[in-house]
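Here's the letter readout for the chains.
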Amino acid sequence: MAQPLPAAAGEPRDEVDLVVQAWQRERPDLDTAPMEVLSRVTRLARHLDRLRRSAFAAHGLESWEFDVLAALRRAGDPYRLSPGQLLRETMVTSGTMTNRVDRLVGRGLVGRESHPGDRRGVLVTLTEAGRLAVDAALADLLAAEREILAGLPTDQHDQLARSLRSLLLPYRAE
């Protein structure tokens, strides 16, 4: 059974150290090593979620609105995708996407146009207002995320990115 990595002498301890220590005391028969990483990932995700919501709210956006607008922006000029492409990009159901597009159309952040290659199809397009909003929110988000990572040396940042990629690869969308 792997043993959790204790904080080095003089190294600050966080709340996860205390949780792991308590579980080791109460259940010494269990390997608590995964908590050393994944409980920290979960807690960091909560902080990141709050940070993201704040960055988006500063530009009048909800997280889901940013996700749709960002998918359209990443598509490149002319910034349009079919509803099916948006579903794959944002990983929501078709009913949810229809509702989201309707709401974004109502706010003037996206539009709908006929699909030139399919008479029955429609394309969702990013409006200028949508592009300005997503660009500004992204710039603020990246600045805040840089602050979170500022304490990591470049080599640790790169190693963390590679390690997290390895953990996520089995879950990638097909």
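Note: the structure precedes this text.
Everything quoted here is computed from the prediction, not taken from an experiment. (Residues numbered from 1 in each chain as written. Predicted model: local features only at pLDDT ≥ 70, side-chain atom pairs only at ≥ 80, totals over all residues. Heavy atoms only, no water.)

Undergrad: With reference to specific residues and values, describe the overall build of the protein.
TA: In terms of regular secondary structure, the protein is built from seven helices and three strands. Written out in order from the N terminus, the α and β elements of the protein read α-α-α-β-α-α-β-β-α-α. Relative to the globule expectation of 16 Å for 174 residues, the C-alpha radius of gyration of the protein, 21 Å, shows a markedly less compact shape. A principal-axis box enclosing the C-alpha atoms of the protein has dimensions of 65 × 30 × 30 Å. (Helix = DSSP H or I, 4+ residues; strand = E, 2+ residues; numbered from the N terminus. Rg over C-alpha atoms; globule rule 2.2 N^0.38 Å.)

Undergrad: I'd like to hear about the packing of helix α3 (residues 63-74) against helix α6 (residues 128-149), residue by residue, with values.
TA: In the contact formed by α3 and α6, the axes pass within 9 Å of each other and the chain directions differ by 105°. One finds that α3 runs roughly perpendicular with respect to α6. Judged by residue contacts, Phe66, Leu69, Ala70 and Arg73 of α3 engage Gly130, Arg131, Val134, Asp135, Ala137 and Leu138 from α6. Its residues assigned to classes, the contact of α3 with α6 shows six nonpolar, one polar and three charged. (Axes fitted to C-alpha atoms, helices over the stretch in contact; angles between N-to-C directions. Parallel < 35°, antiparallel > 145°, perpendicular 65-115°, else oblique. Contact = heavy atoms within 4.5 Å. Nonpolar A, V, L, I, M, F, W, Y, C, P; charged D, E, K, R; others polar.)

Undergrad: Quick rundown of the pattern of salt bridges? Include the residues and the values.
TA: Following the criterion strictly, the structure yields 15 salt bridges and no others. Taking the shortest distance from any N to any O, the salt bridge between aspartate 14 and arginine 40 comes out at 2.7 Å. With aspartate 14 in the segment before α1 (15-26) and arginine 40 in helix α2 (residues 33-57), the pair connects residues that are 26 residues apart, well separated along the chain. Using a relative accessible area of 26% as the deciding quantity, one classes arginine 40 as partly exposed. Between arginine 73 and aspartate 135 there is a salt bridge whose closest N-O contact spans 2.8 Å. Of this pair, arginine 73 sits in helix α3 while aspartate 135 sits in helix α6, and the two are 62 residues apart along the sequence. (Salt bridge = Lys/Arg side-chain N within 4 Å of Asp/Glu carboxyl O. Buried < 20%, exposed > 50% of the residue type's maximum accessible area, 1.4 Å probe, protein only.)

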